[in-house]
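Each chain is listed here by its residues.
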Amino acid sequence: MSDPLLRVDDLQVQFFTEDGVVRAVDGISFDVHEGELVGLVGESGAGKSVAVSAIMRLIESPGKIVGGRIEFDGETLVEVETGPDGDPYRTEATMPDGELRERIRGREIAIIFQDPMESLNPVFTVGGQLREFIELNRDFSEREAREEAVSMLREVGIPEPEARYGDYPHQFSGGMRQRVLIAMALACEPSLIIADEPTTALDVTVEAQILDLVEDLQDRYGTSFVWVTHDMGVVAEICDRVNVMYLGEIVEQAPVDDLFYETKHPYTAALLDSVPRPDQTVEELNPIKGVMPEAIDPPSGCRFHTRCPEAREACTTTNPDCREVGFGDPPHRAACIKHDAFDAAYSGSPPLDAAAQQGFDVSLSGGETDD
Ligand SMILES: Nc1ncnc2c1ncn2[C@@H]1O[C@H](COP(=O)(O)OP(=O)(O)OP(=O)(O)O)[C@@H](O)[C@H]1O
Ligand code: NI
């Protein structure tokens, strides 16, 4: 396989709050090849948004990238190492702020957020904003930019784009606004688009239309995507490869079919089990038990062990890395010691029964972690 377009290597992001250090992203690695749509999936608070914001270096105080490296198209967007004093510092390889702002953000990498109203200015027309964005970012005259804006609106499925050009954002429906944001993201012909739950607020029919549009555009433009979602249905629909996140870590990484049919991590299995199926009644739904613990004080060992139906004693002490556990290319990786790839004495270890886990949960609030 060719070199990836985006490579995230051991990324760590922390928030330094009054209550303590939140390890929002705790050493994740994944990559995206040209033309690939890669999913980042997990429950609320798993660290998905923080991870994708870090790619664009949009982490704000009290947050900080404290380790790892992000490479894009052969260039180092950020590289953080730990100095002799124990403090993280950006290495010289890190791209300067100005260059990142002018050459990368919006042009090479575009980002689409959940709420279009946050990205669109309510006092300017939709067409005007798109035109100005194109004018600013590409070498176009005002007239050319206007034509391009109209053609982009048509491209993303806005009916009668010339007539709608002068409308204000509030005159568009939620789905139409999301289409405008996609037009804006595509306007500079970026090689990577990061989409942070862009369809979560839409109803399912509109969501399905937007997902179709994205697939269609991806075919035509060959754009790569990182797609953040908590919805396994969306994952099944559009992703080529998937990373499953739990409490700041990637616990499983696989091509989409392998993830669904050769599931290797109990958390992924639980996520899949919680997706409603047509043949199930409400009573038969299987929500994941318990709530996700806090990233400020994650459980020792495997972070999922407090909710995992397959947890054993050994899981309380070993925090596994994400290792190749299946054959295949691209590889299937999981962070669970029940697999042979881990020599962690899982099979000889006694199961954690529910009561024991309860007790463990309580002692956890004492605040000790050991990884
Ligand atoms: N500004 C901040 N200050 C302190 N903690 C933060 C801040 N932003 C995020 N966090 C913490 O980082 C962790 C990851 O948050 P993040 O928003 O990335 O989750 P997410 O997976 O995107 O969830 P969601 O599906 O709800 O969007 C959470 O524990 C969150 O509380
Ligand atoms: Ni988020």
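Residues numbered from 1 in each chain as written. Chains lettered and ligands numbered in written order. Predicted model: local features only at pLDDT ≥ 70, side-chain atom pairs only at ≥ 80, totals over all residues.

Turning our attention to the overall build of the protein. Helix and strand counts for the protein stand at 12 helices and 13 strands. A compact globule built from 371 residues would reach a C-alpha radius of gyration of about 21 Å, and the protein, at 22 Å, matches this within 12%. Counting only C-alpha atoms, the protein reaches 70 × 60 × 45 Å along its principal axes. In the protein, buried positions account for 40% of the 371 residues. Contacts in the protein between residues at least 24 apart in sequence constitute 62% of all its contacts with a sequence separation of at least 6. (Helix = DSSP H or I, 4+ residues; strand = E, 2+ residues; numbered from the N terminus. Rg over C-alpha atoms; globule rule 2.2 N^0.38 Å. Buried ≥ 20, exposed ≤ 12 C-beta atoms within 10 Å, placed from the backbone. Contact = placed C-beta atoms within 7 Å.)

In spatial order, the strands read β2-β1-β4-β5-β6; together these five strands make up an open sheet with antiparallel pairing. Across the chains shown, the open sheet's two edge strands, defined by having one partner strand only, are β2 (20–32) and β6 (88–90). Across the sheet, the mean angle from the axis of one strand to that of its neighbour is 20 degrees, orientation sign disregarded. Across nine bridges, strand β1 (residues 6–17) lies against β2 in antiparallel orientation. From the neighbouring strand, Phe15 faces β2, where its bridge partner is Val22. (Pairing = 2+ DSSP bridges. Axes fitted to C-alpha atoms, helices over the stretch in contact; angles between N-to-C directions.)

The next point concerns the UniProt feature "domain: ABC transporter" (unreviewed entry) in the protein. Those residues carrying the UniProt feature "domain: ABC transporter" (unreviewed entry) are residues 6–272 in this numbering. Between the C-alpha atoms that bound residues 6–272 the distance is 27 Å, and the span itself is 38% helix and 30% strand. (UniProt positions renumbered as here; feature names shortened; annotations may be inferred.)

What follows covers the sheet that holds strand β12 (residues 323–326). If you walk across this open sheet you meet the eight strands as β7-β8-β9-β3-β10-β11-β13-β12, and the pairing is mixed. Of all the strands in the sheet, the pair left with one neighbour each is β7 (109–112) and β12. Pairs of neighbouring strands in the sheet enclose a mean axial angle of 25 degrees, with direction left out of account. Across four bridges, strand β3 (residues 37–41) lies against strand β10 (residues 241–246) in parallel orientation. Considered in β10, the bridge of Leu40 is made with Asn243. The sheet strands contacting helix α11 (residues 266–273) are β10 and β11 (249–255), and the helix crosses β10 at an angle near 100 degrees.

Okay, the site of ligand 1 next. Surrounding ligand 1, one finds 16 residues, the nearest of these being Ala24, Ser44, Lys48, Ser49 and Val50. Of all elements in the fold, only β1, β2 and α1 (48–55) reach the threshold of two or more residues within the shell around ligand 1. At three residues, the largest contribution of residues to the shell around ligand 1 is made by α1. (Near = placed C-beta within 6 Å.)

Another point: helix α7 (residues 174–186). Under the 1.5 Å per step criterion, the end-to-end length of α7 is 18 Å for 13 residues, consistent within 8% with the ideal 18 Å. Here α7 lies mainly inside the structure; 10 of its 13 residues are buried. Every buried residue belonging to α7 is among Met176, Arg177, Gln178, Arg179, Val180, Leu181, Ile182, Ala183, Met184 and Ala185, and all of these are buried. (Expected span 1.5 Å × (residues − 1).)

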